[in-house]
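Each chain is listed here by its residues.
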Amino acid sequence: MKIEFVKKYGLLLLLGFMVQQSSFAQSPALIEWKYLQLINVQNDAKLIADDYHNAELVSDSIIYNEDESYPNGHFYAELAKSYQLNKKNGLWAFSLLRQHCLFPNDSLQRESISNFVEACYRLDIPKARAVKIFKEANKAKNFKAFSDKLNLLIESSINLFDSETDVILMRYLSFYNSLGYVPSYRLRQWAYLTQINLHAKKKKRALELNKGLHFSKLWQVDDNALQKRILMRAEHYYRKQGAKAEARNYLALYKMQNVTILNRIQMLWRRLLLQLP
């Protein structure tokens, strides 16, 4: 315990001394970037994991303050290495996209794309698909507004279909909404399906089926079997949240679908859970 304390806080004290004369001395991203460099070279999995919470707090500060300072791109590149060392492949790929979309940097791009393809390979995303995602993110170079870059980041990153990444993306999307912007239908449907905890494979299929489509309701999808599954997940989610009126509504919508005998048995059970006659 004492050794870990010295390792972590001794390094932080050293960093504080190193940057005190720097013009970026007040930048949390600079300090965190340098700290990540120090712990990454040690390849200490536990020490690295212990810093993830603090690193994401620094990241949130960057996003919410729309901070475009110089160290930020390097911070995300180093954070990507940190996640790679602990085999957190989704967050590894996501951090590379954060750097690429929010802080485009030609000196980092060559290494970033090869690392991104490798991270995606470990997420079962084919190379061609990974390259396409990364190249789509190149549009960030043409954007001046931070909000446009953030929107591109979210649009690109939902294609990773990684649960840990999705938690962070939901926060980013909420912030984007708070700025008064209206996200695309695809993003709104992704957020809805994420909120009701639809399985990643089914969420991916729903978004692929609905590509280019705009239904009036976010639960709608161009596949009856999948649509029924979404309605049941929504009913389950709202029932567990104590929102029984919403749950009943989804059960009523489910009943209107092309239901089988097995579906009717499932409905009967759900009605009992909701204490319906």
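Shown above is the structure to which this text applies.
This write-up is about the structure you can find in this document. Only a predicted model underlies this, so the values are computations on that prediction, with no experimental measurement involved.

With that settled, consider a nonpolar patch on the surface. Taken together, the side chains of Leu268, Trp269, Leu272 and Leu273 define a hydrophobic patch exposed on the protein surface, amounting to about 430 Å² of accessible area. Structurally, the position occupied by Trp269 is in helix H15 (residues 261-273).

Turning next to the pattern of salt bridges. Under the criterion given, the structure shown has 12 salt bridges. Close ionic contact of Lys203 with Asp166 constitutes a salt bridge, the shortest N to O distance being 2.9 Å. Pair noted here: Lys203 is in helix H12 (residues 200-209) and Asp166 is in helix H10 (residues 163-178), with a separation of 37 residues, a long-range link. Of the two residues, Lys203 and Asp166, both sit in the buried class.

The interhelical angle for the contact between H10 and helix H11 (residues 185-195), taken along N-to-C directions, is 130°, at an axis separation of 11 Å. Judged by the inter-axis angle, H10 sits oblique to H11. Taken as a pair, H10 and H11 cross one another with a handedness that is left-handed. Every residue of H11 that contacts H10 at Asp166, Leu169, Met170 and Leu173 is listed here: Leu187, Trp190, Ala191, Thr194 and Gln195.

Turning our attention to the environment of Leu160. Following the sequence through the fold, Leu160 ends up in the loop between helix H9 (146-157) and H10. With 36 residues separating them along the chain, Leu160 and Asp124 place their C-alpha atoms 9.5 Å apart. Excluding residues within four positions of it along the chain, Leu160 makes contact with Gly90, Ala93, Phe94, Leu97, Phe116, Cys120, Leu123, Ile125 and Thr165.

Glancing now at helix H13 (residues 224-240). Spanning 17 residues, H13 covers 24 Å between terminal C-alpha atoms, matching the ideal 24 Å at 1.5 Å per step. Where burial is concerned, most of H13 is hidden: 12 out of the 17 residues are buried. Among all positions in H13, only Leu226, Gln227, Lys228, Ile230, Leu231, Met232, Arg233, Ala234, Glu235, Tyr237, Tyr238 and Arg239 are buried. Contact partners of the buried residues in H13: H11, H12, helix H14 (244-255) and H15. N-capping of H13 is provided by Asp223, with a side-chain oxygen placed 3.1 Å from the backbone N of Ala225. Immediately downstream of H13, the backbone of Gly242 shows phi near 85°, a positive value.

Once that is clear, we can look at the side chain of Thr194. With respect to the helices and strands, the residue Thr194 is situated in helix H11. Here Thr194 falls in the buried class, since its relative accessible area comes to 13%. Look past the residues within four positions of Thr194 in its chain and what remains in contact with it is Asp166, Met170 and Lys203.

This next bit is on the environment of Ile133. Tracing the backbone through its elements, the reader meets Ile133 in helix H8 (residues 127-136). Here Ile133 falls in the buried class, since its relative accessible area comes to 3%. Sequence spacing of Ile133 and Val117 is 16 residues, and the spatial spacing of their C-alpha atoms is 9.6 Å. In contact with Ile133, not counting residues within four places along its chain, are Leu97, Phe116, Ser156 and Asn159.

Each value, and the rule that gives it
- Residues numbered from 1 in each chain as written.
- Predicted model: local features only at pLDDT ≥ 70, side-chain atom pairs only at ≥ 80, totals over all residues.
- Heavy atoms only, no water.
- Patch = residues over 30% accessible without salt bridge, like charges linked within 9 Å, V, L, I, M, F, W, Y side chains within 5 Å.
- Areas by Shrake-Rupley, 256 points an atom, 1.4 Å probe, with all protein chains shown as cover.
- Salt bridge = Lys/Arg side-chain N within 4 Å of Asp/Glu carboxyl O.
- Helix = DSSP H or I, 4+ residues; strand = E, 2+ residues; numbered from the N terminus.
- Buried < 20%, exposed > 50% of the residue type's maximum accessible area, 1.4 Å probe, protein only.
- Axes fitted to C-alpha atoms, helices over the stretch in contact; angles between N-to-C directions.
- Parallel < 35°, antiparallel > 145°, perpendicular 65-115°, else oblique.
- Left-handed = near helix turned anticlockwise from the far one by under 90°.
- Contact = heavy atoms within 4.5 Å.
- Expected span 1.5 Å × (residues − 1).
- Polar contact = N/O pair within 3.5 Å; in protein donor to acceptor, adjacent residues only side chain to side chain.

Geometric values such as these leave the question of function open.
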